[in-house]
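Take a look at the letters that make up each chain.
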Amino acid sequence: MASISSRRLSKELMEIKNDGCPVGINLVNADDFSTWLFTIEVMGDSLYQNEQFTLQFRFDQQYPISSPAVQFVVTEGRQAPVHPHVYSNGHICASILGNEWSPVLSVIAVCVTLQSMLASCKVNQTTYRPIDNDRYVKHAPENPKKTRFHYDGEF
């Protein structure tokens with residue numbers, strides 16, 4: 001018998017294959033139900049214009065009851081956007097990935113929210129990371145879900 005997680009992810013993947021992704025969001029890899037990769041690009045006039053970032057979603061057996069672990073991929077040639085809610089290791093401080101997660105949210109809804117977060121970034125905000133970036137990155141767990149973020153912004 002298929003788990004709730006695999007049934008839900010099958011449904012979401014079928015919707016993506018049938019309907020496609022929103023503009024600026026592309027499915028790169030969804031070979032299994034443990035890790036998916038998407039590229040995300042902010043469309044229109046944006047501080048991140050012509051930049052593309054890769055998002056990694058990791059799912060546990062409790063998805064969609066529990067949120068996926070979502071982060072920007074940081075490897076050679078790929079980096080996380082410089083943004084006040086994004087740490088240099090790719091971890092994202094966004095309440096919808098933590099205490100405001102809801103099982104009605106989908107992978108695409110998360111992608112669109114993060115795309116919107118980047119699109120709404122103001123000029124003076126693109127020059128800094130979260131104030132505790134260096135300390136956090138030095139001690140951060142590999143899985144961002146194991147972090148207790150303090151949410152003080154819109155996301």
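Shown above is the structure to which this text applies.
A brief structural summary. From a predicted model like this one, the values you see are computed outputs, not experimental measurements.

Observations concerning the environment of Phe59
1) Next: Tracing the backbone through its elements, the reader meets Phe59 in the loop between β3 (53–58) and β4 (69–72).
2) Next: A relative accessible area of 10% means that Phe59 is categorised as buried.
3) Next: Phe59 sits 25 residues away from Ser34 along the chain, and the two C-alpha atoms are 5.0 Å apart.
4) Next: Each residue touching Phe59, except ones within four places of it in the same chain, is listed here: Leu9, Phe33, Ser34, Thr35, Trp36, Pro68 and Val107.

Some details on the sheet that holds strand β1 (residues 25–29)
1) Next: Read across the open sheet, the four strands follow the order β1-β2-β3-β4; overall the sheet is antiparallel. A strand with exactly one partner marks an edge of an open sheet, and here the two such strands are β1 and β4. Between one strand axis and the next, the sheet turns through 25 degrees on average, direction left out of account.
2) Next: As paired elements, strand β2 (residues 35–40) and β3 share six bridges and run antiparallel to each other. Residue Leu37 lies in a different strand from β3, and its bridge partner there is Gln56.
3) Next: This element, helix α1 (residues 4–19), spans β1 and β2 of the sheet and lies at about 35 degrees to β2.

Looking at the side chain of Ser5
1) Next: In this fold, Ser5 is placed in helix α1.
2) Next: A polar side-chain atom of Ser5 sits 3.3 Å from the main-chain carbonyl oxygen of Asp60.
3) Next: Discounting chain neighbours no more than four positions away, the residues touching Ser5 are Asp60, Gln61 and Tyr63.

Overview of the nonpolar core
1) Next: Among the nonpolar cores identified, the biggest contains 33 residues, and Trp36, Phe38, Leu55, Phe57, Phe72 and Ile92 are the most heavily contacted of them.
2) Next: When contributions to this core are tallied by element, the ones reaching two or more residues are α1, β2, β3, β4 and α2 (107–119).
3) Next: When residues in this core are grouped by element, the largest group, seven residues, is from α2.
4) Next: Once residues within four sequence positions are removed from consideration, Trp36 is found in contact with Leu9, Glu12, Leu13, Ile16, Asn29, Ala30, Leu55, Gln56, Phe57, Phe59 and Val107.

Points about the environment of Lys138
1) Next: In this structure, Lys138 sits in helix α3 (residues 133–139).
2) Next: Lys138 sits 49 residues away from Asn89 along the chain, and the two C-alpha atoms are 9.4 Å apart.

Section: α1
1) Next: A rise of 1.5 Å per residue sets the reference length of α1, with its 16 residues, at 22 Å; its end C-alpha atoms lie 22 Å apart and thus fit the reference within 8%.
2) Next: If you check which residues of α1 are buried, you get Ser5, Ser6, Arg8, Leu9, Glu12, Leu13 and Ile16. Axial view of α1: buried residues confined to an arc of 160 degrees, hence all on one face. The exposed residues of α1 that point more than 90 degrees off its buried face are Ile4, Lys11, Asn18 and Asp19.
3) Next: Lining the buried residues of α1 we find β1, β2 and α2.
4) Next: Residue Gly20 follows α1 closely and has a positive phi angle near 80 degrees.

Section: the pairing of β1
1) Next: Pairing geometry for β1 and β2, over four bridges, is antiparallel. Directly across from Asn29, in β2, lies its bridge partner Leu37.
2) Next: Taking the residues between adjacent antiparallel strands as the criterion, β1 and β2 are bridged by five residues.

Cut-off values and rules
Residues numbered from 1 in each chain as written. Predicted model: local features only at pLDDT ≥ 70, side-chain atom pairs only at ≥ 80, totals over all residues. Heavy atoms only, no water. Helix = DSSP H or I, 4+ residues; strand = E, 2+ residues; numbered from the N terminus. Buried < 20%, exposed > 50% of the residue type's maximum accessible area, 1.4 Å probe, protein only. Contact = heavy atoms within 4.5 Å. Pairing = 2+ DSSP bridges. Axes fitted to C-alpha atoms, helices over the stretch in contact; angles between N-to-C directions. Polar contact = N/O pair within 3.5 Å; in protein donor to acceptor, adjacent residues only side chain to side chain. Core = buried A, V, L, I, M, F, W, Y, C linked by side-chain atoms within 4.5 Å. Expected span 1.5 Å × (residues − 1). Arc of directions from axis to C-beta.

By themselves, these are just geometric observations and shouldn't be taken as functional.
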